[in-house]
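Listed below, chain by chain, are the residues.
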Amino acid sequence: MTGKIYVVVSVPLIEQEFDMYIPTVKKVGVVKQLIIRIVEEQSDFNFVDDGCKHLYDKITGDEISDNEFVRYSKIKNGSRLILY
């Protein structure tokens, strides 16, 4: 799957994890909105975006900037992320 990487996104607010492929050519902020929509739909809207969610690296706890392109960020194939 060219141009996409596999990530696992943990959502502590609903205590669920989601496996997904995300595009590497988009900015993290755009991908975050995509992730939020997927989580909302897959959780039957138990999770609802309040506009203040951030993505974090699960290993380091570092926030991932919305302005970086995924390909140049710390997000790599197999990364574990937290949406909080």
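Residues numbered from 1 in each chain as written. Predicted model: local features only at pLDDT ≥ 70, side-chain atom pairs only at ≥ 80, totals over all residues. Heavy atoms only, no water.

Let's talk about the environment of K58
Looking at the element boundaries, K58 is found in the loop between strand 3 (55-57) and strand 4 (79-83). A relative accessible area of 35% means that K58 is categorised as partly exposed. Taking C-alpha positions, K58 is 8.3 Å from S10, a pair spaced 48 residues apart along the chain. In contact with K58, not counting residues within four places along its chain, are S10, E17, R80, L81 and I82. (Helix = DSSP H or I, 4+ residues; strand = E, 2+ residues; numbered from the N terminus. Buried < 20%, exposed > 50% of the residue type's maximum accessible area, 1.4 Å probe, protein only. Contact = heavy atoms within 4.5 Å.)

Comments concerning the pattern of salt bridges
As enumerated under the stated definition, the model contains five salt bridges in all. Of the charged contacts, one joins K58 and E17 as a salt bridge, the two residues approaching to 3.4 Å between their closest N and O atoms. Of the two residues, K58 sits in the loop between strand 3 and strand 4 while E17 sits in strand 2 (residues 16-23), which places them 41 residues apart along the sequence. For E17, a relative accessible area of 44% puts it in the partly exposed group. One salt bridge connects R80 with E17, and the closest N-O pair in it is separated by 2.8 Å. Here R80, found in strand 4, pairs with E17, found in strand 2; they are 63 residues apart in sequence, far enough to count as distant. Among the residues examined, R80 registers a relative accessible area of 33% and is labelled partly exposed. Among the charged side chains, a salt-bridge network with shared partners connects E17, K58 and R80. (Salt bridge = Lys/Arg side-chain N within 4 Å of Asp/Glu carboxyl O.)

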